Amino acid sequence: MIIDVSHHNGVIDWKKCGKIIDYAILRCGYGSNDKRNDDKQFNYNATQCEKYGIPYGVYIYSYARNMRNCVSETNHILRCVKNRNVVMPLYYDIEEADICNSDHINIKNFADSFVSEVRFRGYKGGIYSSDSIFNKKLYNVLCDSRWVARYNTAPPKTPYHIWQYTSKGDIDGVSTLVDMSVAYNHDYYSDDYYNDIVSDVLSGKYGNGAERKKKLYESGINYWKVQNMINVLYNMWGTYGVW
């Protein structure tokens, strides 16, 4: 389970929700590279995710109408994530209706530019938009992660890695309704992947205690998810201790 949040979700109790979710995607801000456009909760959210071992990605909401705007927005997200331990991609959120529906604005060029630059800076680049916009204007975009919104019981029609399926999620630790997504087609997120991680943990590959937590987090692995899986084994067999 993945949630994406901004200051609109208030002050989040990450210790609580971190035991439920697998990943988080945090809004760093919107628009041009101006500190006044930074999300008021981003630094808190990022610090808390790092504190509690919750792997996270970051997104910026785009208002770009030309390439100059796009470059500024790209620099905005890169400024915000500097010295942060971001393990998921950086996402460019392209959804403004008048921009996406304009015949005079090529959002595909913006998407390509964003992904190219963040990759050059050492990050993975992802694109977020609606299923309809991906199908109409971003169907051939090349990126590391396609995050597609479709509020429906049926998954997106366009190829995707992450499906945002509701804006009305209810998660312990978040006082508001919250966007929720599920990930597909990434071994990084799969249950089989986590089963292998648990085996590695039990064999001692990640060490113990604080060292283990640090190594798991730095590898982009949800510490709490692995802990819960190990605790299930402990309850079943009484073989392994709780961390």
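Relevant structure appears above.
Reading the values: rules and limits
Residues numbered from 1 in each chain as written. Predicted model: local features only at pLDDT ≥ 70, side-chain atom pairs only at ≥ 80, totals over all residues. Heavy atoms only, no water. Pairing = 2+ DSSP bridges. Helix = DSSP H or I, 4+ residues; strand = E, 2+ residues; numbered from the N terminus. Axes fitted to C-alpha atoms, helices over the stretch in contact; angles between N-to-C directions. Contact = heavy atoms within 4.5 Å. Phe/Tyr/Trp six-rings, centres within 6.5 Å; stacked < 30°, edge-to-face > 60°. Buried < 20%, exposed > 50% of the residue type's maximum accessible area, 1.4 Å probe, protein only. 1 Å grid on protein atoms, 1.4 Å probe; cavity = no way out; pocket = protein on both sides within 12 Å on 5 of 7 lines; lining within 4 Å. Points joined across faces, edges and corners; volume = space filled by probe spheres on them. Nonpolar A, V, L, I, M, F, W, Y, C, P; charged D, E, K, R; others polar.

### Considerations on the sheet that holds strand β1 (residues 2–5)
Logical step 1: Taken in spatial order, the 8 strands of this closed barrel run β1-β2-β3-β4-β5-β6-β7-β8, and their pairing is mixed. Neighbour-to-neighbour, the strand axes of this sheet turn through a mean angle of 30°, independent of strand direction.
Logical step 2: Direction of pairing for strand β6 (residues 145–149) relative to strand β7 (residues 162–169): parallel, over a ladder of 3 bridges. Looking across to β7, one finds that A149 is bridged to Q164.
Logical step 3: Taken strand by strand, helix α3 (residues 67–81) contacts β2 (23–30), β3 (56–61) and β4 (90–93), and its axis lies near 150° from that of β3.
Logical step 4: Along the sheet, helix α5 (residues 107–120) makes contact with β3, β4 and β5 (125–130), crossing β5 at roughly 150°.

### Observations concerning the packing of aromatic side chains
Logical step 1: Applying the stated criterion across every chain, the model contains 7 aromatic pairs.
Logical step 2: Seen from their ring centres, Y91 and W147 are 5.1 Å apart, and the 65° between their planes marks the pair as edge-to-face. Linking Y91 in strand β4 with W147 in strand β6, this pair joins segments that are 56 residues apart in sequence.
Logical step 3: A residue is classified by how much of its surface remains accessible, and W147, at 1% relative accessible area, is buried.
Logical step 4: Relative to Y165, the ring of W163 has its centre 6.0 Å away and its plane inclined at 65°; by these criteria the two rings are edge-to-face.
Logical step 5: Look at Y165 and you get partly exposed, because its relative accessible area is 28%.
Logical step 6: Taken together, the ring pairs connect Y59, Y91, Y128 and W147 into an aromatic cluster.

### Here we look at empty space enclosed by the protein
Logical step 1: Taken as a whole and judged by the stated rule, the model has 1 cavity of 30 Å³ or more.
Logical step 2: Here the largest cavity is characterised by a volume of approximately 30 Å³.
Logical step 3: In this structure, the largest cavity is lined by S62, A64, I94, E95, E96 and I99.
Logical step 4: A class-by-class count of the residues in the lining of the largest cavity yields 3 nonpolar, 1 polar and 2 charged.

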